[in-house]
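# Inside the fold
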Amino acid sequence: MAGKEMKAPLREEADGGDDVGACSSICAVVLTVVSALFVLVTFPFSLFFCFKVVNEFERAVIFRLGRLVEGNPKGPGMFFILPCIDNYVKIDLRTQSFDVPPQEVLSKDSVTVQVDAVVYYRISDPVTSVTNVVNVNQSTKLLSQTTLRNVLGIKTLADMLTDRENISEMMQTTLDQATDPWGVKVERVEVKDVRLPPQLQRAMAAEAEAAREARAKVIAAEGEQNAAVAYAEAADIMAEEPGALQLRYLQTLNLISAEKSSTIVFPLPLADMGLDQITKPFGGGGAGDTGHAGLVHRGT
């Protein structure tokens, strides 16, 4: 008995809904006929209110008595509406862009940064963009802000600074999937700037400077090591060939003479040069003789 009593109100509600739907249909037909008669009576003045024009990059979504008119959106060009019962919404199909305001993001390694971006999108389905969302442009802008924070929240600071292309692709894919029920196609997302706190900038600059100085010291040490090896090899060669040392003396004198005017006293070991026998007749073998002769060079 209880089941029968519960089914009875449901049947009454269904019958009431059918009656309301039938009445609405009849009213819609009557109003459509009246509007058409009004157009005929006021012809040709009614043409100014019945014909509308949309541009090549626009489409018109028509509603009749609050219901969506079946078929594709109208346009481009001229289309016909019935006065008083039809209204339409024009949708721009061109690619639009907007700047995402700077968002404070806490990175994966607990660094607070400010990041902004730019988003390029277009309306791919005019009907869906009108019927499924109140303000498609504003909704897309708000969603892009939250998506930017969510995507960057799982990235480290190093990834934000060096891997912007992958971050942009991830944002574009996420936004495109989220806005597809709204009839929006997100074409491109670009991360514009990553702003670091001043304290962090100074710390990173000091770290980079210290790293450069460390590399410079290592390079200088390697150069000293290579020079020491070369000097050792040169000393071995000069020890084997006594004449090489004399040539080195002469080369050094040639280099010094290229400088500014000066007087240079360059000691030469006479024994190594074979001149000790020549200087003996001139008293060169005395007690104070050190076996060296002073070679004087006067620059001009």
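Definitions and limits used
Residues numbered from 1 in each chain as written. Predicted model: local features only at pLDDT ≥ 70, side-chain atom pairs only at ≥ 80, totals over all residues. Heavy atoms only, no water. Helix = DSSP H or I, 4+ residues; strand = E, 2+ residues; numbered from the N terminus. Buried < 20%, exposed > 50% of the residue type's maximum accessible area, 1.4 Å probe, protein only. Contact = heavy atoms within 4.5 Å. pLDDT = per-residue confidence, 0-100. Patch = residues over 30% accessible without salt bridge, like charges linked within 9 Å, V, L, I, M, F, W, Y side chains within 5 Å. Areas by Shrake-Rupley, 256 points an atom, 1.4 Å probe, with all protein chains shown as cover. Salt bridge = Lys/Arg side-chain N within 4 Å of Asp/Glu carboxyl O. Lys, Arg positive; Asp, Glu negative; His and termini not counted. Charge placed at Lys NZ, Arg CZ, Asp CG, Glu CD. Core = buried A, V, L, I, M, F, W, Y, C linked by side-chain atoms within 4.5 Å. Phe/Tyr/Trp six-rings, centres within 6.5 Å; stacked < 30°, edge-to-face > 60°.

Among the secondary structure elements, Thr-140 is positioned in helix α4 (residues 136-152). Given a relative accessible area of 0%, Thr-140 falls into the buried group. With near-sequence residues (within four places) excluded, Thr-140 lies in contact with Phe-98, Thr-179, Trp-182 and Val-184.

For the rest of this paragraph, the subject is the confidence of the model for the protein chain. Within the protein chain, residue pLDDT values average 78, and 78% of them lie at 70 or more. Strand β7 (residues 112-123) holds the highest mean pLDDT among the elements of the protein chain, 92, whereas strand β10 (residues 292-298) holds the lowest, 49. In this model, residues 1-8 is a region of pLDDT below 50 whose contacts with residues beyond four sequence positions or in other chains number 0 contacts. Throughout residues 281-288 the model reports pLDDT below 50, and contacts reaching past four residues in sequence, or to other chains, amount to 2 contacts.

Residues Glu-233, Asp-236, Glu-240 and Glu-241 make up a contiguous surface patch of negative charge. Topologically, Asp-236 is positioned in helix α7 (residues 198-240). On the accessibility criterion, Asp-236 (49% relative accessible area) is partly exposed.

So, about the nonpolar core. Core analysis: the largest hydrophobic core is formed by 30 residues, its most contacted members being Val-113, Val-115, Val-119, Leu-152 and Val-186. In terms of residues, this core owes the most to one element, β7, which gives 6 residues. Among the nonpolar cores identified, the runner-up in size contains 5 residues, and Val-54, Ala-60, Phe-79 and Ile-81 belong to it.

So, on to the side chain of Ser-168. Residue placement: Ser-168 occurs in helix α6 (residues 164-179). Using a relative accessible area of 7% as the deciding quantity, one classes Ser-168 as buried. Setting aside residues up to four positions removed in sequence, Ser-168 forms contacts with Val-189, Glu-190 and Val-191.

What follows is about the pattern of salt bridges. Applying the stated rule across the entire model yields 9 salt bridges. We note a salt bridge from Lys-185 to Asp-176, for which the minimum N-O separation is 3.0 Å. Take Lys-185: its relative accessible area is 29%, and that puts it in the partly exposed class. The class for Asp-176 is buried, based on a relative accessible area of 17%. A salt bridge links Arg-195 to Asp-193; the shortest N-O distance between them is 3.7 Å. Judged by its relative accessible area of 29%, Asp-193 is partly exposed.

The subject of this paragraph is the packing of aromatic side chains. The final tally for this structure, using the stated rule, is 3 aromatic pairs. Aromatic side chains Phe-51 and Phe-80 sit 5.4 Å apart centroid to centroid with 65 degrees between the ring planes, which places their arrangement in the edge-to-face category. With a gap of 29 residues between them, Phe-51 in strand β1 (residues 51-54) and Phe-80 in strand β4 (residues 77-80) connect regions that are remote in the sequence. On the accessibility criterion, Phe-80 (41% relative accessible area) is partly exposed.

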